[in-house]
Amino acid sequence: MSETEQVGGLGDAARPGTGEVTATVIVNAPAPRVFAAFLNWEKQSEWIPFTKVRVVEGDGGEGSLIEAITAVGPAALRDEFRVVRIDAPYELRVVHCGNVLRGPGSMRCTAMGGDRTQVVMHEWFHLPGPVGKLAWPVLWPGSKLGFKGALKKFGRLVEEGKLP
């Protein structure tokens, strides 16, 4: 049975879309600590700009539904994603399954020498029509700069002991 079938048939949302973003950061902390910090869903609000994250369904583990609302002034974007795989402390896979943001994502931790960890986040979004393709860099803080900046802030918070 595929991961998609295991979490209730997410259909086309589980397939990569054309909006692709990747970011990488090196964190001066061991992989298990970095991975645990990332899975602290509500704390993601501290490092993802303008975004409030919460667990909507489940315990934050596999099968859980997570909601992230990014709001700038009166404009808000709701992102729902299902946790489809956790292979701690190495890999996390999700599928964005909301009305606007859809597509798979992954976060991988690779242990390096000296208690350092390379973190790679990769997201593939289905863009909603021609307007979505034009608005993509503005609407989602996962645009290359925003995504990388958020991941760098995450790394700093882990290194400073503020996460997990």
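First things first, this report covers the structure right here in the doc. (Residues numbered from 1 in each chain as written. Predicted model: local features only at pLDDT ≥ 70, side-chain atom pairs only at ≥ 80, totals over all residues. Heavy atoms only, no water.)

**Concerning unusual backbone geometry**
Note: most residues except glycine have negative phi, and most peptide bonds are trans.
Next up, step 1: Cis peptide bonds are those with omega within 30 degrees of zero, and the linkage from Ala88 to Pro89 qualifies with -5°.
Next up, step 2: Mapped onto the elements, Pro89 comes out in the loop between strand S4 (75–87) and strand S5 (91–97).
Next up, step 3: In the segment running from Leu163 into Pro164, the intervening peptide bond is cis, with an omega of 0°.
Next up, step 4: Within the fold, Pro164 resides in the segment after helix H4 (144–159).
Next up, step 5: Here Phe50, not a glycine, exhibits a phi torsion of approximately 60°, which is positive.
Next up, step 6: Inspection of the secondary structure assignment puts Phe50 in the loop between helix H2 (31–38) and strand S2 (51–57).
Next up, step 7: Phi angles above zero are rare outside glycine, and Asp115 is one such case at about 55°.
Next up, step 8: Considering the arrangement of structural elements, one finds Asp115 in the loop between strand S6 (102–112) and strand S7 (116–125). (Helix = DSSP H or I, 4+ residues; strand = E, 2+ residues; numbered from the N terminus.)

**Describing the environment of Gly105**
Next up, step 1: Along the chain, Gly105 falls in strand S6.
Next up, step 2: In this structure, the C-alpha to C-alpha distance between Gly105 and Glu20, residues 85 residues apart in sequence, is 9.5 Å.
Next up, step 3: Apart from residues no more than four positions distant in its own chain, Gly105 is found in contact with Leu92, Arg93, Val94, His122 and Glu123. (Contact = heavy atoms within 4.5 Å.)

**A closer look at the sheet that holds S4**
Next up, step 1: Pairing within the open sheet is antiparallel, and its seven strands lie in the order S1-S7-S6-S5-S4-S3-S2. Looking at the sheet topology across the chains shown, the edges are occupied by strand S1 (19–27) and S2. On average, adjacent strands in this sheet sit at an angle of 20° to one another, irrespective of strand direction.
Next up, step 2: The strands that H2 touches are S1, S4, S5, S6 and S7; relative to S6, the one it contacts most, it runs at about 155°.
Next up, step 3: Across the face of the sheet, H4 comes into contact with S1 and S7 while running at roughly 25° to S1. (Pairing = 2+ DSSP bridges. Axes fitted to C-alpha atoms, helices over the stretch in contact; angles between N-to-C directions.)

**Quick notes on the pairing of S5**
Next up, step 1: Buried residues dominate S5, accounting for six of its seven residues.
Next up, step 2: Relative to S5, S4 runs antiparallel, the two sharing six bridges. Counterpart to Ile86 in the pairing with S5 is Leu92.
Next up, step 3: Adjacent in sequence and paired antiparallel, S4 and S5 are bridged by three residues.
Next up, step 4: In this structure, S5 lies alongside S6, joined through seven bridges in antiparallel fashion. Residue pairing in the sheet places Arg93 in a bridge with Ser106 of S6.
Next up, step 5: Joining the antiparallel neighbours S5 and S6 is a turn of four residues. (Buried < 20%, exposed > 50% of the residue type's maximum accessible area, 1.4 Å probe, protein only.)

Structural measurements only, silent on function.
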